[in-house]
Structure formats: C-alpha cells, structure tokens
Amino acid sequence: MQTKRVLAGILTSTLLLGAYPFASAADYNDSSVTGAAGWQAWTEAWNTIATDYTQVSMTPGADETQLNFAWYSKNESGKSATPAVHFGTDKNNLAGFTGTSAAVDTSLTDGTAYSYNHVTVTGLKANTTYYYTVEKNGVQTEVKTYQTGDFESAQILYVGDPQIGASKGQTQNGEALAADSGAANTAARNDSFAWDRTLDIALEQNPGLDFVISAGDQINKTSKPKEEEYAGYLSASALTSLPVATTIGNHDSLNADYQYHFYNPNQTGYGETEAGGDYYYSYGSGLFIVLNTNNYNVAEHEKTIQKAVASDPDAKFRIVTIHQDIYGSGLDHSDTDGMILRTQLTPIFDEYDIDVVLQGHDHTYSRTKLLYGDGQTHGTYEFRLNEDGSDYDWDNAYNTQTDEQIPLYPEEEAGQAKHDAFQADKECYTIEDVEGNTVTNPQGILYMTANSASGSKFYELIASQQDCVAERSQNWLPSYSVINLTADTFSIDTYQITDTGAVEKIDNAFTIKKTDEQAAAVTVDGTAKEVATASVGGETYYRLRDLATAVNGTAAQFNVEWKNGVIVITGERYDTAALAPVAEATGVKQTLPMQVNGKTVTTAATDVNGNYYVPASLLSTLGIKGTVSNGTLTITTK
C-alpha cells in the first residue's frame, strides 16, 4: 500500500484527527531470519530468478472445466511467439491448445522486446491428473503436473497483498533493503522468498487446494517498470500447480504489465484501468466476481455483477473480491481511502444478494459482523490521480455529485468540517442480529480483510475497533485463510505463520449455510406466521396489517386502522380480515407519521399497493419484543 505523507506538525495533526496522524508500517517478515536453510540458496539464485520475465501464470477459467495460462516469451531473431499449451493425461501424448500473443511494452522490460501469450485450456474433468508444457518461441518447457478436484466442492486459499518489493527500506543484516531494478531489488528478493514460503506451508497444510484468490497488490512499484517483482511473485514453486484468481490492487493498477501476466476469464470491459478491469468465473457452488475498484465508476461495476449473475443465476454463493477494504480495521486505510466506495457498493451488493466480500489493502486482518445497507441516501465519492498521473492523490477524496475536494488529513478547520461530514456519511450500514459463528440464510454480507500473505509490509490496527467489525488482529506475521465451499456451506478459517514456520489459528471458523427451504419470515412465540415482506435498501420490512394479525390474541396484540392516517392502539384486538398472501416486494424508503395511543410517532416505511410495510424496529415503539436473526423476525409475547 501507499505511505501517507507525514503532516506538518504532529501536535496539530493529532488535535485535528483525534488519532494517529499517519500509519506505521513497522516490522516485516525478514526472510534471512525465517528462511532457515533455504535462504542462502535463494540469494544465490536471485540473479537468475529476477531476470527471468518468462514465468508462467495459471488462472481459473470461466468454469471448472477451463484453465487459463499466460507467459512472456523473449523476441528472438527469426523466431515468432508461439502461444501454445500442450495439455493432457498422458505426458507423452499431450493435446495442443493455441491462443493469442502480442507485444509487451518495452518501456516495462528495460527496452528488451518480449511478447505475452494467452491460452485457454478446455475440457477438464473432475478428479483427474493432467500434465502440461507451454511453448516459448516453439520450444516446450519442462512438463508440469496439474490436479483437478471434484468440481462439486472447492477448497480455496484466500490471501492479501503479497506486494513483492514492499519491504523496501527495512533493515536486513545491517543494510536497508533496496527497490532498485532487476536483481538489485533486494526487497523483492526478500518478499518473493517469503511469498513462496507461505504458499508452500499453506499447501502442505491443505493439499487439496483447488485455487488461490489474491485480493490484490501482487507487486509494489506503482506506475513503474517492475518485471523483477513479477518474476519473484511468479517464481513460487506452488504456482506451477495452483491457479490464482488475482485482483487489481492500487499498486497493480497503473501499468499494462498486470494484464500481460494474468489472463483472466470473462473480462467484461468494465471497471478498467491500465491494468485491466472486472471479470468473473464459476466454480462448484460459487459465482466469483472480481472488481477493479481502482476504477470508481460503480455503475460499471454493477454491470459486471449483472453479467456475472446472468451467467450463473443458480449459483448458491455469490462471492465478490475487491482490493480496497470498504469495511476493514487497519489504521492506514479503513477510515480513509479504503471505504471510499462504501456508500455506493453496499446497496449494490445487497441488491444482487452477494454473500461474501473478500478484501485486501489494509495489511491487517479483520472479519465483520453481517452487514446490509441502512436504506438511506448517501453521498458518492472517488479518488483521482495526482498531477503527473504517476499515482493516486491519497490525501483527498472527491464528492462525485458536487466535485468537492475532501481532505483526508485536514490541517485547517474548514477542511476538518468536510472531513467530518465525509466520515459521518460512512455510517451507511445495518448490523444483522445473529448468534454464534454459524448462520443460516442470513440477510447480511460477510466482509473479510486479509493481512499480507508474504509479510512484506504490515500496518497498525485503527485505535478503536469499529462496531461493524467482529474480529481483528495484527500479530506482524504472514497469514492466509482457507475457504471450504460445498453445495450449501461457505466456511472460512484464518491462520498465521510464525518465524519458525508453525501454523497458528487466529480466528474461529465462520460458516454460512444456505437451505432451499427458507425459514419463516415471522414467528410469534415459536409459531410461524404469514406476513408479507418487502426489501427496502437491503432491509426487510413487514406488512403492518399482517403483523397485527400475527399477534392477535397475545399480550402484544394491537389494532391498526386508517383515519386520515395510520392509527395504532396497543392492547386492542385487530378484527379486520387477514390480507391475502403476496410475493416479496421491493420498496422505496419513506418516513411515515402515525398515531400510537394518541401520540404522534414517525417510522421508516414503504407503501406497496396501498399497504404500509414497516421495519422490525417499530415493534419496540409498540412495546413488543422482536429480534431479527438469520432472516427471521422472532416475536416473543410470553
């Protein structure tokens, strides 16, 4: 991630912000300490690794039956690039698959000409051992092995910010790690080894892994040549058999080299920066949607989600990956640039029934409570590039409706007022009331933020844990999560790797279960009741007259009638005939004044076909005990 500027005057900054004026990137994973016997051999091989730009990457294909490949080939006199993969179950009789090739921008490769090659392999079958080679200018590489899973379930490694090269400036054996080009990039040397170590340990602990999800920032140098960082990233031995669904982070975003090295499936053409844009794929019971949130055009991201959902409407789980953590808990980003798209993405994720959002960016770990939008109208915000276009202007957000510049680190009172209004607008969520770490058919969305998998850089946690965050940690150690996806469950566990290579769990497993038989929308003293519902900004509203019918004959009964407005009298029986059941509706939030026992109160509501629907929060106004958990409103009257 980027490092924020130190504000002029620590005292002034602290008074204005009421917290730390900038984030600390203290500590890192020193591979000369954690590398054991392998470190010396790695340093000796680094000159070769750092200058080999032709490493192969694998990416999940459009579905389980496909696999995508990408690699560079160096242009040689009299030879042309040959975008071909040889793939099959008999290593002595491999089938050929051809793709496309094109020129790499030589400004990114020290003036040396390369071509990138993209190929899709199709027709894969479950539980099968395959072998493959790729061609580099007509010469086949060494045969590698790839194993498919059962296609019904999936075990996925979820990682954040490998960010090869981010340890620059840290001290190793008395010298500062350098971010120079090629083999002189000793920070990349350190971080590549650490990345390889994490993958090896995770794969040893979980030999059935099907693929990896990386939440972005594969490398560190922003808008600069960085092929030695990509070379180090792709040199990890596990990646010869483990595809990675990468996400475009802010450090990846401003060069085309990302889209040369990774051949993503179902590219939509939306959400694009220099590195590429949004894409999606399906695997098992999951529809996976990857958004490039360095592009702040949320309307385009919504179009990607629409295309993805249309491609696999029956997927049990819809899982989004973004880089910037719109709900996180790191000091450097979660209260500033990380949440820049929170007000816009939260209601869209609600609308398209997203279940889980996987994030990075903050170099800390956090898991939220289950969240959905508050149904209110909020501002919309974005970041813009700095004056020379070399990076984003991380010091200012912009209101896209008013074009107002909002200083994120204000030094004057006027700027502080804008900053405070921006912060207040981010309270755009509702916390679902659930118990325990296993939930069934929840309404809210789980937001995860992954710490750095390589340990190339860590950040402090924000001083006060936000109310939307359930668990968080910063132990200054590389970490990873393992997702187990079945036909009806999503479960995630998170681990850290100690300096000695031991694996330790840092959070309890969290599991989401989906059942085809939906729980009753409303129960009264344990009995299911027929109550029509409406979705309003991701929140469930209940038809008021149905609620009155549901509690008839109990201590919570109330009468409701219309006399130039809604009138409610608690304790009276509601004797009007029950309304006919209707399908769930979608409504627009409004404010409804009503008379309750002769007093005027207001509540949120929506009008659907002449009937008011109200949120569960109205029950407390009527003296009724009701809680919403796992999609069910439970009313207790005894």
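Since the model is a prediction, treat every value here as computed from it, not as a measurement.

Notes on the nonpolar core
- Counting 77 residues, the largest nonpolar core has Phe-69, Phe-87 and Phe-490 as its most contacted members.
- No other element matches helix H4 (residues 186–205), which puts 6 residues into this core.
- The residues touching Phe-490, leaving out its near neighbours within four places in the chain, are Phe-317, Ile-319, Val-356, Leu-446, Ile-483, Asn-484, Leu-485, Phe-510, Thr-511 and Ile-512.
- Judged by nonpolar contacts, the second largest core, of 40 residues, contains Tyr-280, Leu-291, Tyr-327 and Val-469.

Looking at the pattern of salt bridges
- Enumeration over the complete set of coordinates arrives at 12 salt bridges.
- The partner of Lys-221 in a salt bridge is Glu-228, with the nearest N and O atoms 2.8 Å apart.
- A salt bridge links Asp-546 to Arg-543; its shortest N-O distance comes to 2.8 Å. The pair Asp-546 / Arg-543 is uniform in exposure class, with both members buried.
- When salt bridges with common partners are traced through the structure, they connect Glu-382, Arg-384 and Asp-403 into a single cluster.

Brief notes about the sheet that holds strand S1 (residues 57–60)
- Across the sheet, which stays open at both edges, the 4 strands sit in the order S1-S2-S6-S5 with antiparallel pairing between neighbours. Edge strands, defined here as strands with exactly one partner in the open sheet, are S1 and strand S5 (100–103). Each adjacent strand pair in this sheet contributes to an overall mean axis angle of 20°, direction not counted.
- As paired elements, S1 and strand S2 (residues 67–74) share 4 bridges and run antiparallel to each other. Looking across to S2, one finds that Met-58 is bridged to Phe-69.

Structural notes on H4
- Given a rise of 1.5 Å per residue, 20 residues ought to cover 28 Å, and the 29 Å separating the end C-alpha atoms of H4 matches this to within 8%.
- Here H4 lies mainly inside the structure; 16 of its 20 residues are buried.

A short note on the state of the cysteines
- Scanning all chains against the criterion turns up 0 disulfides.
- Of all cysteine sulfurs, the one in Cys-428 lies closest to Cys-468, which takes part in no disulfide; the gap is 9.4 Å.

Things to note about the environment of Thr-98
- Within the secondary structure, Thr-98 sits in strand S4 (residues 95–98).
- Taking the C-alpha atoms as reference, Thr-98 lies 34 Å from Gly-165; in sequence the two are 67 residues apart.
- In this structure, Thr-98 is in contact with Pro-83, Ala-84 and Val-119, ignoring residues within four places of it in sequence.

Brief notes about the pairing of strand S41 (residues 625–629)
- Looking at chain direction, S41 and strand S42 (residues 632–636) are connected through 5 bridges and run antiparallel. Paired with Ser-629 across the two strands is Thr-632, which belongs to S42.
- Adjacent in sequence and paired antiparallel, S41 and S42 are bridged by 2 residues, among which Asn-630 carries a positive phi angle near 50°.

Re helix H9 (residues 413–425)
- Between the first and last C-alpha of H9 there are 18 Å, a value that for 13 residues agrees with the 18 Å anticipated at 1.5 Å per step.
- Along H9, the positions that sit buried rather than exposed are Gly-415, Gln-416, His-419, Phe-422, Gln-423 and Asp-425.

Some points on the sheet that holds strand S31 (residues 522–524)
- With mixed pairing, the 4 strands of this open sheet are ordered in space as S32-S31-S42-S41. Both edges of this open sheet fall to strand S32 (527–529) and S41, since each of them pairs with a single strand only. For this sheet, the mean inter-axis angle between neighbouring strands, taken without regard to orientation, is 30°.
- When S31 meets S42, the two strands line up parallel, connected through 3 bridges. Note on S42: the bridge partner recorded for Val-524 is Ile-635.

Overview of the pairing of strand S33 (residues 533–536)
- Sheet topology places S33 next to strand S34 (residues 539–543); 4 bridges connect them, and they run antiparallel. Its bridge partner being in S34, Ser-535 is matched across the sheet by Thr-540.
- Counted along the chain from S33 to the antiparallel partner S34, the turn is 2 residues long, and its residue Gly-537 has a positive phi close to 60°.
- In terms of strand pairing, S33 meets strand S37 (residues 585–586) through 2 bridges, oriented parallel. The partner of Ala-534 across the bridge, within S37, is Ala-585.

Some details on the side chain of Thr-343
- Looking at where Thr-343 falls in the secondary structure, it is placed in helix H8 (residues 342–351).
- Thr-343 gets classed as buried once you look at its relative accessible area, which sits at 8%.
- Of the polar contacts made by the side chain of Thr-343, one reaches the backbone oxygen of Gly-379; its length is 2.7 Å.
- Beyond its immediate chain neighbours, meaning those up to four positions away, Thr-343 contacts His-378, Gly-379, Thr-380, Tyr-381, Asp-425, Lys-426 and Cys-428.

Things to note about the packing of H4 against helix H5 (residues 227–234)
- Where H4 contacts H5, the two axes come as close as 8 Å, and the packing angle between them is 20°. Judged on the interaxial angle alone, H5 and H4 are roughly parallel. The interaxial crossing formed by H4 with H5 has right-handed handedness. For the pair H4 and H5, contact is made by Ala-188, Ser-192 and Trp-195 and by Glu-229, Gly-232 and Tyr-233, respectively.
- Classifying every residue of the contact of H4 with H5 gives 3 nonpolar, 2 polar and 1 charged.

Quick look at unusual backbone geometry
- Non-glycine residue Asp-110 carries a positive phi angle of around 60°.
- Mapped onto the secondary structure, Asp-110 falls in the loop between S5 and strand S6 (114–121).
- Asp-110 gets classed as exposed once you look at its relative accessible area, which sits at 57%.

Things to note about the packing of aromatic side chains
- Applying the stated criterion across every chain, the model contains 30 aromatic pairs.
- Seen from their ring centres, Tyr-296 and Phe-383 are 6.1 Å apart, and the 50° between their planes marks the pair as tilted. Of this pair, Tyr-296 sits in the loop between strand S16 (286–290) and helix H7 (298–311) while Phe-383 is found in the loop between strand S21 (381–382) and strand S22 (396–399), placing the two residues 87 residues apart along the sequence. Like Tyr-296, the residue Phe-383 is buried in the burial classification.
- An angle of 55° between the planes, with centres 5.4 Å apart, marks the rings of Phe-383 and Trp-394 as tilted. Residue Phe-383 is located in the loop between S21 and S22, and its partner Trp-394 is located in the loop between S21 and S22; the two are separated by 11 residues in the primary sequence. The same class applies to Phe-383 and to Trp-394, which are both buried.
- Counting every residue linked through ring pairs, the aromatic cluster contains Phe-151, Phe-211, Tyr-279, Tyr-281, Tyr-283 and Phe-288.
- Across from the ring centre of Tyr-398, 4.3 Å away, lies the NZ or CZ of Arg-384, which sits over that ring.

How each quantity is defined
- Residues numbered from 1 in each chain as written.
- Predicted model: local features only at pLDDT ≥ 70, side-chain atom pairs only at ≥ 80, totals over all residues.
- Heavy atoms only, no water.
- Core = buried A, V, L, I, M, F, W, Y, C linked by side-chain atoms within 4.5 Å.
- Buried < 20%, exposed > 50% of the residue type's maximum accessible area, 1.4 Å probe, protein only.
- Helix = DSSP H or I, 4+ residues; strand = E, 2+ residues; numbered from the N terminus.
- Contact = heavy atoms within 4.5 Å.
- Salt bridge = Lys/Arg side-chain N within 4 Å of Asp/Glu carboxyl O.
- Pairing = 2+ DSSP bridges.
- Axes fitted to C-alpha atoms, helices over the stretch in contact; angles between N-to-C directions.
- Expected span 1.5 Å × (residues − 1).
- Disulfide = S-S within 2.5 Å.
- Polar contact = N/O pair within 3.5 Å; in protein donor to acceptor, adjacent residues only side chain to side chain.
- Parallel < 35°, antiparallel > 145°, perpendicular 65-115°, else oblique.
- Left-handed = near helix turned anticlockwise from the far one by under 90°.
- Nonpolar A, V, L, I, M, F, W, Y, C, P; charged D, E, K, R; others polar.
- Phe/Tyr/Trp six-rings, centres within 6.5 Å; stacked < 30°, edge-to-face > 60°.
- Lys NZ or Arg CZ within 6 Å of the ring centre and 35° of its normal.

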